[in-house]
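# Working through the structure, step by step
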Amino acid sequence: MRPLWACLAGLAALAGSPALARDYGQQGAVFAVVEPDFLRTIQAKLTRLEQSGEITRMNEEFARRSEAKVRRPAPVVGVGFAVRPRTWTYDPGMTLDHDVSDTKGNLIAKAGQRVNPLDLVTVRQAMVFIDGDVPEQVEWALGKYTDANAKIIMVKGAPLEAMTRYQRRFYFDQGGFLIGRFGIQAVPAVVEQNGRVMRVSEIPVGIGRR
């Protein structure tokens, strides 16, 4: 093994070697690297927007649009008016793809087992779907159902305005989730429990135009 002083001497010789420390001169234009402070750039822009009142205007516009969307949500697309009675059943049962246990680890149901939520719970309120912009449908739902025995669910209209006017609760099927689940194509429609299935009915009332 070479002594330490010999290794240090070798490194010193290499460092001083002309072949390893040669000045090749300037080969092209050289520019200083200038990188603006990104956060300062954003802060400056926000300051300009605030001073010009643009941020206040944007906030007010956002609040206005949000309020308008709450008062009149986007209507559910693809839903028409019931022109003839139509009834079918919806089976909420499902086949499990994994074991289900409670919080203590006790097995509730095994993978591959078919379970039906209606065996465990009772749906006491009907779901009544209507077009809130058709007065005949609104009046029919209010006259036939109470808050206790049904939830009146709009697929189009202004539920908050209706609640103020009629002093009743109204709901809205955001994105048509329920309509799609039950296969409803026209309103008014009523969904209510019938034993171990849900009975779905489209009922012609107040036919109009969109």
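Residues numbered from 1 in each chain as written. Predicted model: local features only at pLDDT ≥ 70, side-chain atom pairs only at ≥ 80, totals over all residues. Heavy atoms only, no water.

### Side note on the overall build of the protein
In terms of regular secondary structure, the protein is built from six helices and twelve strands. Counting across all 210 residues of the protein, residues that qualify as buried make up 27%. Partitioning the contacts of the protein with sequence separation of at least 6, the portion at a separation of at least 24 is 60%. With the model as given, the accessible surface of the protein reaches about 15,300 Å², and the carbon-plus-sulfur share is 57%. (Helix = DSSP H or I, 4+ residues; strand = E, 2+ residues; numbered from the N terminus. Buried < 20%, exposed > 50% of the residue type's maximum accessible area, 1.4 Å probe, protein only. Contact = heavy atoms within 4.5 Å. Areas by Shrake-Rupley, 256 points an atom, 1.4 Å probe, with all protein chains shown as cover.)

### Remarks on the pairing of strand E11 (residues 189-194)
When strand E7 (residues 126-131) meets E11, the two strands line up antiparallel, connected through three bridges. Considered in E11, the bridge of Val128 is made with Val190. As defined by bridge partners, E11 adjoins strand E12 (residues 197-202) across six bridges and the pair is classed as antiparallel. Residue pairing in the sheet places Asn194 in a bridge with Val197 of E12. Counted between consecutive antiparallel strands, the loop separating E11 from E12 contains two residues, among which Gly195 sits at a positive phi close to 70°. (Pairing = 2+ DSSP bridges.)

### Structural notes on the nonpolar core
Nonpolar side chains in soluble globular proteins tend to end up buried together. Formed by 17 residues in total, the largest nonpolar core has its most connected members in Met127, Phe129, Val155, Phe182, Ile184, Val191 and Val200. For this core, the secondary-structure elements that each account for two or more residues are strand E2 (86-90), E7, strand E8 (150-156), helix H6 (177-182), E11 and E12. Residues contacting Val155, with those up to four places away along its chain left out, are Pro75, Val76, Val79, Phe129, Ile130, Asp131, Phe172, Ile179 and Val187. (Core = buried A, V, L, I, M, F, W, Y, C linked by side-chain atoms within 4.5 Å.)

### A few points about a nonpolar patch on the surface
On the surface, a nonpolar cluster with roughly 430 Å² of combined accessible area is contributed by Phe38, Leu39, Ile42 and Leu46. By secondary structure assignment, the location of Phe38 is in helix H2 (residues 38-52). (Patch = residues over 30% accessible without salt bridge, like charges linked within 9 Å, V, L, I, M, F, W, Y side chains within 5 Å. Salt bridge = Lys/Arg side-chain N within 4 Å of Asp/Glu carboxyl O.)

### Remarks on the sheet that holds E8
In spatial order, the strands read E2-E12-E11-E7-E8-E9; together these six strands make up an open sheet with mixed pairing. Among the strands making up the open sheet, the edge pair consists of E2 and strand E9 (171-172). On the sheet, helix H4 (residues 135-144) packs against E7, E8 and E11 and is oriented at approximately 160° with respect to E7. (Axes fitted to C-alpha atoms, helices over the stretch in contact; angles between N-to-C directions.)

### Here's the deal with the environment of Asp91
On the secondary structure map, Asp91 appears in the loop between E2 and strand E3 (94-95). On a C-alpha basis, the gap between Asp91 and Arg199 in space is 8.9 Å, while along the polypeptide they are 108 residues apart. Ignoring any residue separated from it by four or fewer positions in sequence, one finds Asp91 in contact with Arg114, Asn116, Arg196 and Val197. In this structure the side chain of Asp91 is engaged in a polar contact, spanning 2.9 Å, whose partner is the backbone nitrogen of Gly93. Engagement of the side chain of Asp91 in a polar contact is seen with the side chain of Arg114, the distance being 3.0 Å. (Polar contact = N/O pair within 3.5 Å; in protein donor to acceptor, adjacent residues only side chain to side chain.)

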